[in-house]
Amino acid sequence: MLNVIRALFFRELKTRFGKNRHLGYFWVVGEPLMQILVITTLVTLIREYITNLSIPGGTPIFMFLACGIIPFFMFRNIVTQLMGGIAGNLTLFFYKPVRPIHVFLARTLLEFYMYSLIFFCVMVLAGWIMGYDVLPRDFLAMFISLMLMVLSGFSLGVIFAIITHFMEPLKIVLTYFTAALYILSCVIFPIWIIPSNILQYMLYNPMLHICESIKYYYFDGYPLADGVNLAYPLIFNIVLLFIGFWFYYYKRRELVASRP
């Protein structure tokens, strides 16, 4: 199994960046970085007129956005890549050792590897060029939060991959769903600007808990809103993972069958 996943990992890496390697690398790094720079610039300009627009603990806007956007992009790409994992590898399923679950794992590992490298490079540059303190306050807790983000992408991606394999038009709808999570998870704005009567409903979103936990464990002085914890998204994603595996087991033969 490990050899199959390893082979698929390098195959996916070559497929993603094989034809236009330099353009592919630029886009993977440039997409989150451009959003961070654009939003940082806008917030900096707005702060010229709204002086109380700041993050508690003196957290730089750039660092705040980097710790929200890059992990979320990893989650989004895991879900998106898993949705296309079955259709993109149907010919490989003629070989008995290769199953869809191997493709799911290989693609998840690839996204985690790429975005971890991007995150590391961005933080090194932020520390070197801008002089920011880039070391996390609690590395272990922050890493656990990041792993929960990976688990969220994997569990949701498995379910979406199976659904869209049989109902392909839903792929567009589910893509918009992940885009909506970008706003509902407070990726680019602080949670404390949300009115409490709205926040109580937003807290049902497990991604909000994970995004806030990553920032809380990364920055000194960053406040953790009441009700935010890691227990809820952990339980939620374990349940989601079992549902995904049940769907996978129930439909495993149909998933590897070639479409007419």
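Residues numbered from 1 in each chain as written. Predicted model: local features only at pLDDT ≥ 70, side-chain atom pairs only at ≥ 80, totals over all residues. Heavy atoms only, no water.

### Quick notes on the side chain of Thr178
Here comes step 1: As for its position among the elements, Thr178 is in helix α6 (residues 170-184).
Here comes step 2: At a separation of 2.6 Å, a polar atom in the side chain of Thr178 contacts the main-chain carbonyl oxygen of Thr175.
Here comes step 3: Excluding residues within four positions of it along the chain, Thr178 makes contact with Phe72, Arg76 and Val79. (Helix = DSSP H or I, 4+ residues; strand = E, 2+ residues; numbered from the N terminus. Polar contact = N/O pair within 3.5 Å; in protein donor to acceptor, adjacent residues only side chain to side chain. Contact = heavy atoms within 4.5 Å.)

### Describing the pattern of salt bridges
Here comes step 1: Under the criterion given, the structure shown has three salt bridges.
Here comes step 2: Glu12 is the salt-bridge partner of Arg107, the closest N and O atoms lying 3.1 Å from each other. Residue Arg107 is found in helix α4 (residues 100-129), and its partner Glu12 is found in helix α1 (residues 2-17); the two are separated by 95 residues along the sequence. Of the two residues, Arg107 and Glu12, both sit in the buried class.
Here comes step 3: Among the salt bridges present, the one from Lys215 reaches Glu212, with a minimum N-O distance of 3.9 Å. One end of the pair, Lys215, and the other, Glu212, are both in helix α8 (residues 206-218), three residues apart, so they sit about a helical turn from each other. For the pair Lys215 and Glu212, a shared accessibility class is recorded, and that class is buried. (Salt bridge = Lys/Arg side-chain N within 4 Å of Asp/Glu carboxyl O. Buried < 20%, exposed > 50% of the residue type's maximum accessible area, 1.4 Å probe, protein only.)

### Some thoughts on the side chain of Ser152
Here comes step 1: Position of Ser152 among the secondary structure elements: in helix α5 (residues 139-166).
Here comes step 2: Residue classification places Ser152 among the buried positions, given a relative accessible area of 4%.
Here comes step 3: Here Ser152 is in contact with Phe75, Met207, Ile210 and Asn237, once residues within four sequence places are set aside.

### A closer look at the environment of Lys215
Here comes step 1: When its relative accessible area of 0% is taken as the criterion, Lys215 is described as buried.
Here comes step 2: Along the primary structure Lys215 and Phe64 are separated by 151 residues, whereas in three dimensions their C-alpha atoms are 7.2 Å apart.
Here comes step 3: Among residues more than four places away in sequence, those in contact with Lys215 are Phe64, Cys67, Gly68, Cys186, Val187 and Tyr222.
Here comes step 4: For Lys215, the side chain forms a polar contact with the main-chain oxygen of Val187, separated by 3.3 Å.

Everything listed here is a matter of coordinates, which is why it stays silent on function.
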